[in-house]
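Single-letter residue listing:
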Amino acid sequence: MVSVKDIAARCHVSVATVSKALNGYSDISESKRKLIKDTAQEMGYFPNAAAIALKTNRSYNIGILFEDAAGNGFTNEYYAQLLQAIKQEAESRGYDITFIYNKIGGRQVTYLEHCRYRGVDGVVMVCIDYNLPEVAELIKSELPVVTIDHVFDNAMSVSSDNGRGISELVKYVYDMGHRKIAFIYGDETSVTRDRLTGFYRTIDELGVVVPDEYVLQSSYRNPDKSKDCTAKLLDLKDPPTCILYPDDFAAIGGINEIKARGLRIPEDISVVGYDGISYSKVMEPSLTTVEQDTSKLGKTAAANLIRLIEKPKTTSLSREIIQGHVLIGKSVSRLKF
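Analysis parameters
- Residues numbered from 1 in each chain as written.
- Predicted model: local features only at pLDDT ≥ 70, side-chain atom pairs only at ≥ 80, totals over all residues.
- Heavy atoms only, no water.
- Helix = DSSP H or I, 4+ residues; strand = E, 2+ residues; numbered from the N terminus.
- Rg over C-alpha atoms; globule rule 2.2 N^0.38 Å.
- Buried < 20%, exposed > 50% of the residue type's maximum accessible area, 1.4 Å probe, protein only.
- Contact = heavy atoms within 4.5 Å.
- Areas by Shrake-Rupley, 256 points an atom, 1.4 Å probe, with all protein chains shown as cover.
- Lys, Arg positive; Asp, Glu negative; His and termini not counted.
- Charge placed at Lys NZ, Arg CZ, Asp CG, Glu CD.
- Expected span 1.5 Å × (residues − 1).
- Polar contact = N/O pair within 3.5 Å; in protein donor to acceptor, adjacent residues only side chain to side chain.
- Axes fitted to C-alpha atoms, helices over the stretch in contact; angles between N-to-C directions.
- Parallel < 35°, antiparallel > 145°, perpendicular 65-115°, else oblique.
- Nonpolar A, V, L, I, M, F, W, Y, C, P; charged D, E, K, R; others polar.
- Core = buried A, V, L, I, M, F, W, Y, C linked by side-chain atoms within 4.5 Å.
- Pairing = 2+ DSSP bridges.
- Phe/Tyr/Trp six-rings, centres within 6.5 Å; stacked < 30°, edge-to-face > 60°.
- Lys NZ or Arg CZ within 6 Å of the ring centre and 35° of its normal.

Caption draft 1: Here's a closer look at the overall build of the protein. Each helix and strand in the protein was counted, giving 13 helices and 14 strands. For a compact globule of 337 residues, the expected C-alpha radius of gyration is about 20 Å, and the protein comes in at 26 Å, more than 25% above that figure. With respect to the three principal axes, the spread of C-alpha positions in the protein is 90 × 40 × 40 Å. The 337 residues of the protein split such that 50% are buried. In the protein, of all internal contacts separated by at least 6 residues, the share reaching a separation of at least 24 is 68%. Accessible surface computed for the protein: about 17,000 Å², of which carbon and sulfur atoms make up 50%. Computed over 41 positive and 44 negative side-chain charges, the separation of the two mean positions in the protein equals 5 Å.

Caption draft 2: Spatial organisation of helix 10 (residues 223–234). Under the 1.5 Å per step criterion, the end-to-end length of helix 10 is 16 Å for 12 residues, consistent within 8% with the ideal 16 Å. Every buried residue of helix 10 is accounted for by Ser 226, Cys 229, Thr 230, Ala 231, Leu 233 and Leu 234. For helix 10, the side-chain oxygen to backbone nitrogen distance between the N-cap and Asp 224 is 3.2 Å, and the N-cap itself is Asn 222.

Caption draft 3: Representation of the packing of helix 2 (residues 15–22) against helix 3 (residues 30–42). For the pair helix 2 and helix 3, interaxial distance at closest approach is 9 Å and the crossing angle is 90 degrees. Comparing the axis directions of helix 2 and helix 3 gives the class roughly perpendicular. Contacts between helix 2 and helix 3 involve Thr 17, Val 18, Lys 20, Ala 21 and Leu 22 from the first element and Lys 32, Arg 33, Ile 36, Lys 37 and Ala 40 from the second. Looking at the contact of helix 2 with helix 3, its residues break down into 5 nonpolar, 1 polar and 4 charged.

Caption draft 4: Looking closely at the environment of Ile 277. With respect to the secondary-structure elements, Ile 277 resides in the loop between strand 11 (270–272) and helix 12 (278–282). Between the C-alpha atoms of Ile 277 and Glu 77, which are 200 residues apart in sequence, the distance is 6.5 Å. Leave out the neighbours within four places in its chain, and Ile 277 touches Glu 77, Tyr 78, Asp 248 and Phe 249.

Caption draft 5: Structural view of the nonpolar core. Among the nonpolar cores identified, the biggest contains 38 residues, and Phe 199 and Leu 244 are the most heavily contacted of them. At the level of secondary structure, the elements contributing two or more residues to this core comprise helix 8 (162–175), strand 8 (181–185), helix 9 (190–206), strand 9 (215–217), helix 10, strand 10 (242–244), helix 11 (248–260) and strand 11. Ignoring sequence-local partners within four residues, the contact set of Phe 199 consists of Ile 166, Val 170, Ile 181, Phe 183, Val 210, Val 215 and Leu 244. Counting residues in each nonpolar core, the second largest holds 25 residues, with Tyr 95, Ile 148, Leu 305 and Ile 322 among its members.

Caption draft 6: Geometry of the sheet that holds strand 8. Strand order in this open sheet of 4 strands is 9-8-10-11, and the pairing throughout is parallel. Sheet topology places strand 9 and strand 11 at the edges, where each strand pairs with a single neighbour. Shown here is a sheet whose adjacent strand axes are inclined to one another by a mean of 15 degrees, direction ignored. In this sheet, strand 10 lies alongside strand 8 in parallel orientation, the contact comprising 3 bridges. Bridge assignment links Ile 181 to a residue of strand 10, and that residue is Cys 242. Along the sheet face, helix 8 touches strand 8, strand 10 and strand 11 and points at about 175 degrees away from the line of strand 10. The strands touched by helix 9 are strand 8, strand 9 and strand 10; relative to strand 8, the strand with the most contacts, the crossing angle is about 170 degrees.

Caption draft 7: Geometry of the packing of aromatic side chains. Under the criterion given, the structure shown has 7 aromatic pairs. Ring geometry for Phe 183 versus Tyr 185: centroids 6.3 Å apart, planes at 55 degrees, classification tilted. Judged by centre distance (5.4 Å) and plane angle (70 degrees), the ring pair of Phe 199 and Tyr 200 falls under edge-to-face. For Phe 199, a relative accessible area of 0% puts it in the buried group. Residue Tyr 200 is classed as partly exposed on the basis of its relative accessible area, which comes to 39%. Of the aromatic side chains, those joined through ring pairs into one cluster are Phe 183, Tyr 185, Phe 199 and Tyr 200. A cation over a ring is seen here: Arg 179 above Tyr 174, with NZ or CZ 3.7 Å from the ring centre. Positioned over the ring face of Tyr 274 is Arg 195, at 3.6 Å from the centre of the ring.

Next comes the structure, spelled out in structure tokens:
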């Protein structure tokens, strides 16, 4: 690896002069600065990350906290797109990313300990059980943190407008003539609470009466559980005409149950999802869903974290809301009342 000492020897100058040239000091001539920089580039010199961190008190490395309880990990399209957007934005601003876990070399540690071990400047929480004590420890630490789709009082957050998204879905289904509307919702999270509130508020505004047995809890990205919930809804004496699922992937389980009973979508029953993954657009029939702006979510989270790292005194702990939109497919029939 090429060192500052190697460059100094090649240019016949002192190590101090090379350091000044590479770090933008003004007390050397432009010709000498150019010679040193050109030589450094020619020799393939890269600054040592540890040395930069020692000098600037910054590693230019941000942590990503991502643990998908459903076990789909990076194969989940929604999270894959979100992580890619974070990575692109961070790299465009000169930062690397490191995934944060609760183990180092097989030894159990807290997330905060791993962050300190890796020397990250801040953390984006993408997916995690936010009720864990070690998550609270990280939030309360000195590290800048931005959460996605979860809100803490003392951290920045970026969220999809889940309440509005589900509300627009319900209104679309209502406008298509449906009054028997069921909702299978996901795990107990702030996302779910926002969606449930949006659901109940909208059906109340529309004057729709939804019986308790039409609203069931399942899990996100879990087709097996949504299949079981769908079976319960279809077995009701007065089943719904439309079922809202927690996400597009979970909807697959419900759709399989519907088709296994010889029912047609949307002629016999309508279905809608959430997220707008690519599969929802090519399945037959195409799925009506809410397409989340994963690119904007990820890029905004990374940009806000870097702003908080670089300008902590002038950056407020804001909550930013990113709008999605209803993607109309062919999975909802038009009923006449």
